[in-house]
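Reading the structure
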Amino acid sequence: MNFEQFSLDPRILSGVKDMGYTLPTPIQQQAIPVVLAGRDVLGIAQTGTGKTAAFMLPILQRLLTGPLRRVRALIVAPTRELAEQIHEMGAELGRRTKTRSVTVYGGVSKQRQVEALRRGAEIVVACPGRLLDLLGDRAVDLSGVEVLVLDEADRMCDMGFLPDIRRILKALPAQRQTLFFSATMPDDIRELADSILDRPVTVQIGEVAPAETVSHALYPVSHARKKQLLLNLLARTATGRVLVFTRTKYRARNLARDLARQDYRVAALQGNMSQNQRQQAIDGYRNGKYDILVATDIAARGIDVSEITHVINFDIPDTVDAYTHRIGRTGRAEETGEAFTFVTEDDEPMVHQIERMLGERIRRRRLQDFDYSTAEPETPARPTSQEQRKQSPNHGRSKHRSYRSGTQH
Ligand code: AMP
C-alpha cells in the first residue's frame, strides 16, 4: 500500500513526498482511511509509529475545502515540545496548501499567539493551560472546530490536565470528529475516551510496548558509579545521537555539565530552562551541534529527532509508561536503536514491571574492565576516531555516526 491509495489531494501528496515518506506506516494504513471517512478514532499507539501524520494528513485534506482563517481543527498535546512538533509536521505536510497553523502554549509571549490567532488559522495546536487562558480572554474562538485531536492522552492525565481537558471540551461544538491517541489505556483514560468518542474505530499498533527495532539492556551499577559507567560506556560505544534521561532537573543539569567538562557536545533539557533555552537545546541536538541531550521525562516529551541511536536511562523511570515513552525516542520509523538502563538494587521492582510489559527478560550487561567498586574512579580518555572504529561493535552500521572529537568541529 502506498500513499496514492488514500486519494489525498496532490498538494498534500507532494508534502508527503517532500518529507521523504514512501510507504505509510501501519498506523497510517489503518487510521488515514477511517479519519478521511469522518469517523472517530481511538488510537492506541506509542510515539514513533507515525501517528502524527496519520491524523494530520486527513485533517489537511478536510481543510482544503470550507472556510479559511477560522479554527477548524484543534490538536491538544501535553507539552510545548510535542505541540511544536505537531505544528511543524502540519506546516511541512501542508506546505503547498493554504492551511495555516498556530501554536498555543505557556512559557512564551501570549501577545504573539493572540496576534497569530487574530491573523487567522485553521489549525490550533495547543497545550491545555494556555488554551484555557486564551479562551478566558476570548482570544480564540473554538465554536467552529470540526476535528479535535487529543494526543498522548495518557500523559496529559498523568500531568493532571484532565480537568482542563474537560473544560476545553465544553468550548467545542458537540458535533465534531474526535481522534484520541494514547500509548496506554489505563481505566481513567478509557473512561475519558468512552465519554467523548462517538462509535470510534479502534486502531491499535502491536502491543503497548516499545518498537521492536529497539534492543534493551540493563547495566547493574551502584548509585555512586553511575556517572563513571556512563563516561566509560560513551567512550567505548559508537553512538550517533544519544539521549540520556535523569530523574530530576537538577541531575540533568549537573550531568550535562559534567559531560561538557569531558568535551562531549552536550546540552541539558529540563523544566527549569526557559522555552527559548529548551528550543535552542532541541534545535542544537537536531542540527548536530550537540551529540548528547540530557533530559528529564517531561522536558523530553515530544521531541522528534531522527536517528537517536541510544537512549540511556541514567535513572530508571518511575513507571512502565515512562519507560515506553523514553524508549520511543529511538528506533523510530524502522530505524534501529539501543536502550540502556542503569539499575541499582533498589530498581529491581521496576525492572520486573518493565520486563513483564516487554514479555521478556532484559539482558544484563557488565562493562568489561570497568571498576564497579565505589572507590574514587578515574575518567576514561575520549577515544580517537581510529580507536573508536576498532572498539566499536557497531562499526560499519551506516545509521550510526561515531563520535567526532571536539577539534574536528
Ligand atoms: P510520530 O510517531 O508521529 O512521532 O513519528 C515518528 C517519526 O516517523 C517522525 O520522525 C516522522 O517524520 C516519521 N514518519 C512518519 N511517517 C512516516 C512514513 N510513512 N515513513 C517514514 N517516516 C515516517
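Please refer to the structure placed before this passage.
Calculation rules
Residues numbered from 1 in each chain as written. Predicted model: local features only at pLDDT ≥ 70, side-chain atom pairs only at ≥ 80, totals over all residues. Heavy atoms only, no water. Pairing = 2+ DSSP bridges. Helix = DSSP H or I, 4+ residues; strand = E, 2+ residues; numbered from the N terminus. Contact = heavy atoms within 4.5 Å. Axes fitted to C-alpha atoms, helices over the stretch in contact; angles between N-to-C directions. Near = heavy atom within 4 Å. Polar contact = N/O pair within 3.5 Å; in protein donor to acceptor, adjacent residues only side chain to side chain. Nonpolar A, V, L, I, M, F, W, Y, C, P; charged D, E, K, R; others polar. Domains from an automatic or database assignment. Patch = residues over 30% accessible without salt bridge, like charges linked within 9 Å, V, L, I, M, F, W, Y side chains within 5 Å. Areas by Shrake-Rupley, 256 points an atom, 1.4 Å probe, with all protein chains shown as cover. Salt bridge = Lys/Arg side-chain N within 4 Å of Asp/Glu carboxyl O. Lys, Arg positive; Asp, Glu negative; His and termini not counted. Charge placed at Lys NZ, Arg CZ, Asp CG, Glu CD. Buried < 20%, exposed > 50% of the residue type's maximum accessible area, 1.4 Å probe, protein only.

**Focus on the sheet that holds strand β10 (residues 266–269)**
- Taken in spatial order, the seven strands of this open sheet run β10-β11-β9-β12-β13-β8-β14, and their pairing is parallel. In this open sheet, the two strands that pair with only one neighbour each are β10 and β14 (363–364).
- Pairing analysis gives five bridges linking strand β9 (residues 241–245) to strand β12 (residues 308–313), with the strands arranged parallel. Looking at β12, one finds that Arg241 is bridged to Ile308.
- Across the sheet, helix α11 (residues 249–261) lies against β9, β10 and β11 (292–295), angled at about 175° from β10, the strand it touches most.

**Some points on the site of the ligand**
- Near the ligand you find 16 residues, and of these Tyr21, Gln28, Gly48, Gly50 and Thr52 are the closest.
- The contact in question runs from a nitrogen atom of the ligand to an N or O atom on the backbone of Leu23, over 2.8 Å.
- Taking Gly50, its main chain carries an N or O atom lying 2.8 Å from an oxygen atom of the ligand.
- For the shell around the ligand, the residue count by class is six nonpolar, seven polar and three charged.
- Looking at which domains feed residues into the shell around the ligand, each of domain 1 (3–205) and domain 2 (214–401) supplies at least three.

**A word on a negative patch on the surface**
- A contiguous patch of negative charge, built from Asp158, Asp187, Asp188, Glu191 and Asp194, is present on the exposed surface.
- Here the negative patch gets four residues from one element, more than from any other, and that element is helix α9 (residues 187–196).
- Its location among the elements puts Glu191 in helix α9.
- With relative accessibility at 54%, the residue Glu191 sits in the exposed group.

**Notes on unusual backbone geometry**
- Although it is not a glycine, Arg69 adopts a positive phi angle of roughly 60°.
- Note that Arg69 resides in the loop between α3 (51–63) and β2 (73–76).
- The backbone of Arg199 shows a phi angle near 40°, a positive value even though the residue is not glycine.
- Structurally, the position occupied by Arg199 is in the loop between α9 and β7 (201–204).

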